[in-house]
Amino acid sequence: MTGHDEIRGREYTALMSEVRDVERTAQFCWTAAVIASAVLLSSAITTHHPGLALPVQICAVMGYFALTVARRRVTGIEGYVRRVHETSGEANWFTTRGAAQGAAWQDIAALVIANLLNLTAIVFAWIHADVSPHADLVSGGVTLLGMGFMVHSLLDRAR
């Protein structure tokens, strides 16, 4: 083994470790955000206050974007590793794994869950829009934020 091969091996190991860390962190952030969003939604439903629908949406959006950014980073590392390391036939983890088999369904599931939480928050906000004098204004803000996220997330996924 030459010095160049040793450096390539270390780089490959470091990149694979980074992929594992990024995926683990993204999954943790997404799970924590969904749990927080569900707890906040149940609290909002219990108190009948539409203003609590905004934190539900913010948690869902932040968790979804954390997962999306991590997926893009892993895809970038995967492309680099395929191009530089796996063309010579040494270690072919990404090549044998295929084109991110589970990642596509996980992304779609995350998109659906985030948009369902968003839609539930919008519906809840309008059901209880008559609670206080400014509740309809808050419900409009919840709807605006929710629709903006839905459009953005669907266009981002289509891209």
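Parameters and conventions
Residues numbered from 1 in each chain as written. Predicted model: local features only at pLDDT ≥ 70, side-chain atom pairs only at ≥ 80, totals over all residues. Heavy atoms only, no water. Helix = DSSP H or I, 4+ residues; strand = E, 2+ residues; numbered from the N terminus. Buried < 20%, exposed > 50% of the residue type's maximum accessible area, 1.4 Å probe, protein only. Contact = heavy atoms within 4.5 Å. Areas by Shrake-Rupley, 256 points an atom, 1.4 Å probe, with all protein chains shown as cover. Core = buried A, V, L, I, M, F, W, Y, C linked by side-chain atoms within 4.5 Å. Salt bridge = Lys/Arg side-chain N within 4 Å of Asp/Glu carboxyl O. Phe/Tyr/Trp six-rings, centres within 6.5 Å; stacked < 30°, edge-to-face > 60°.

Points about the overall build of the protein chain
Here is step 1 of the chain: Within the protein chain, the secondary structure is distributed over 5 helices and 0 strands.
Here is step 2 of the chain: When the elements of the protein chain are put in sequence order from the N terminus, they spell out α-α-α-α-α.
Here is step 3 of the chain: Taking all 159 residues of the protein chain together, the buried fraction comes to 35%.
Here is step 4 of the chain: At a minimum sequence separation of 6, the contacts of the protein chain that also span at least 24 residues come to 75%.
Here is step 5 of the chain: Summed over its atoms, the accessible surface of the protein chain is roughly 9,300 Å², and 69% of this surface lies on carbon and sulfur atoms.

Comments concerning the nonpolar core
Here is step 1 of the chain: Among the nonpolar cores identified, the biggest contains 18 residues, and W30 and Y64 are the most heavily contacted of them.
Here is step 2 of the chain: Those elements that provide at least two residues to this core are helix 1 (3-47), helix 2 (53-84) and helix 4 (101-127).
Here is step 3 of the chain: Those residues within four positions of W30 in sequence are excluded, and the remaining contacts are A60, G63, Y64, L67, A110, I113 and A114.
Here is step 4 of the chain: Counting residues in each nonpolar core, the second largest holds 12 residues, with A44, I122, A125 and V142 among its members.

With respect to the pattern of salt bridges
Here is step 1 of the chain: Tallied over the full model, the rule gives 3 salt bridges.
Here is step 2 of the chain: The salt bridge involving R73 is made with E18; its shortest N-O contact spans 2.4 Å. Placement of the pair is R73 in helix 2 and E18 in helix 1, with a sequence separation of 55 residues.
Here is step 3 of the chain: Of the residues examined, E18 reaches a relative accessible area of 26% and is grouped as partly exposed.
Here is step 4 of the chain: The partner of D156 in a salt bridge is R72, with the nearest N and O atoms 2.4 Å apart. Pair noted here: D156 is in helix 5 (residues 135-158) and R72 is in helix 2, with a separation of 84 residues, a long-range link.

Examining the packing of aromatic side chains
Here is step 1 of the chain: What the rule picks out here adds up to 3 aromatic pairs.
Here is step 2 of the chain: With centroids separated by 5.6 Å and ring planes inclined at 85°, the aromatic side chains of Y64 and F149 adopt a geometry described as edge-to-face. You can see Y64 sitting in helix 2 and its partner F149 sitting in helix 5, a full 85 residues away along the chain. Each member of the pair Y64 and F149 is classed as buried.
Here is step 3 of the chain: With a centroid separation of 5.8 Å and 90° between ring planes, the pair formed by F65 and F149 is classed as edge-to-face. Highlighted residues: F65 in helix 2 and F149 in helix 5, separated in sequence by 84 residues.
Here is step 4 of the chain: In textbook terms, an aromatic cluster arises when at least three aromatic residues are bridged by ring pairs, as seen for Y64, F65 and F149.

Considering the environment of I35
Here is step 1 of the chain: Among the structural elements, I35 can be located in helix 1.
Here is step 2 of the chain: For the pair I35 and A60, spaced 25 residues apart in the sequence, the C-alpha separation amounts to 9.2 Å.

Side note on the environment of L144
Here is step 1 of the chain: Summarising the element assignment, L144 is placed in helix 5.
Here is step 2 of the chain: Taking the C-alpha atoms as reference points, L144 and I122, separated by 22 residues in sequence, lie 9.1 Å from one another.

Spatial relationships are all this shows, so hold off on functional conclusions.
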